[in-house]
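Overview (structure and organization)
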Amino acid sequence: MNKLLSACLLISVFACNNQNSNSTEKKSQEDKVVANNAATGNCGSLILFKKGAVVEGTSYDANGKQTHKETTTVTDVTEEGGMLIAKSSSLTNGVAGNKTINLVYKCDGTNLYLDINAMLANFAGMGSVKGDIKPVQFPINISEGQTLPEASYTISMDRGAVKMDITSTIKNRTVGAKEKIKTTAGTWDCYKVNSDMDSDVQGLDEQTKKIMDAVKAKTKMSMVMWYTPEIGIVRTEMYSNGKLNSSSDITGIKN
């Protein structure tokens, strides 16, 4: 489950739009929303909330070999209850084939949120979401030394004789110093965001739980994201016991 959430995070790109100097006869619906809603004004400059914007991400294995590409297109932007809501479609091309998933992002002018319910809806049959969901969020205004809220959700799975609840958590999210990150899409000064990833399974038989707990005790999963308010999540690295497992870069942006 941690792998599922981290994979979705890799394509949750929060980027600022470069304004086009060419005049248009009509403002788009999303621009009208931004202009008329001061509470979400900070959200309107993010590429994630620009209908038609396209962001390309490329993922690599521990040896730097490309494993797949994700092309995310913003398909719709609306306003509801003081929030901008952006729907996007992400096509992944990789060795395991192609897959398209739909994602929903929200912005209240201060923070950006990944809608976990909408994310998990792409994986029919996996299980139902239960309990208190803490969404993945990033502040639009970020600074070194901040501690960011943890994100978590619980999936209830029923496989006949096997019933279990799997809780995944991204915790200990701390903001470090700025670092210069360069990809094929550009170069940016990014804040380094460190976090730990954890999972807990309830409903297993005693023997299986002991095995799972033993593995968990010996394995520490962590994630590092390089984030800039101007572009968003530029780079992500996943670690197991301090050893790099995979990484992902933003490799293309089209407004």
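So, here is what we can say about the structure in this document. Here the structure is a predicted model, which is why all the values come from computation and not from measurement. (Residues numbered from 1 in each chain as written. Predicted model: local features only at pLDDT ≥ 70, side-chain atom pairs only at ≥ 80, totals over all residues. Heavy atoms only, no water.)

It is worth spelling out the pattern of salt bridges at this point. Taken as a whole, this structure holds seven salt bridges when the rule is applied. The partner of Lys-220 in a salt bridge is Asp-196, with the nearest N and O atoms 4.0 Å apart. Taken together, the positions of Lys-220 in the loop between helix 4 (206-218) and strand 12 (221-228) and Asp-196 in strand 11 (residues 186-202) put the pair 24 residues apart, joining distant regions of the chain. With a shortest N-O distance of 3.6 Å, Lys-210 and Glu-206 are connected by a salt bridge. Of this pair, Lys-210 and Glu-206 both sit in helix 4, four residues apart, which is roughly one turn of the helix. Assigned by exposure class, Lys-210 and Glu-206 land together as exposed. (Salt bridge = Lys/Arg side-chain N within 4 Å of Asp/Glu carboxyl O. Helix = DSSP H or I, 4+ residues; strand = E, 2+ residues; numbered from the N terminus. Buried < 20%, exposed > 50% of the residue type's maximum accessible area, 1.4 Å probe, protein only.)

Let's shift gears to the nonpolar core. Phe-49, Leu-112, Val-193 and Tyr-227 are the most contacted members of the largest nonpolar core, which totals 44 residues. By size, the runner-up hydrophobic cluster in this structure holds eight residues, among which are Cys-190, Ile-231, Val-234 and Tyr-239. (Core = buried A, V, L, I, M, F, W, Y, C linked by side-chain atoms within 4.5 Å.)

We now examine the environment of Met-119. You can see Met-119 is positioned in helix 3 (residues 116-120). Judged by its relative accessible area of 0%, Met-119 is buried. For the pair Met-119 and Asn-102, spaced 17 residues apart in sequence, the C-alpha to C-alpha distance is 6.8 Å.

Alignment of strand 3 (residues 83-94) against strand 4 (residues 97-107), held across 11 bridges, turns out to be antiparallel. What sits directly across from Lys-87, in strand 4, is Val-104. With three bridges connecting them, strand 4 and strand 5 (residues 111-114) associate as antiparallel partners. Residue pairing for strand 5: Tyr-105 is matched across the bridge by Leu-114. Connecting strand 4 to the antiparallel partner strand 5 that follows it, the hairpin turn spans three residues, and Gly-109 within it adopts a positive phi of roughly 95°. (Pairing = 2+ DSSP bridges.)

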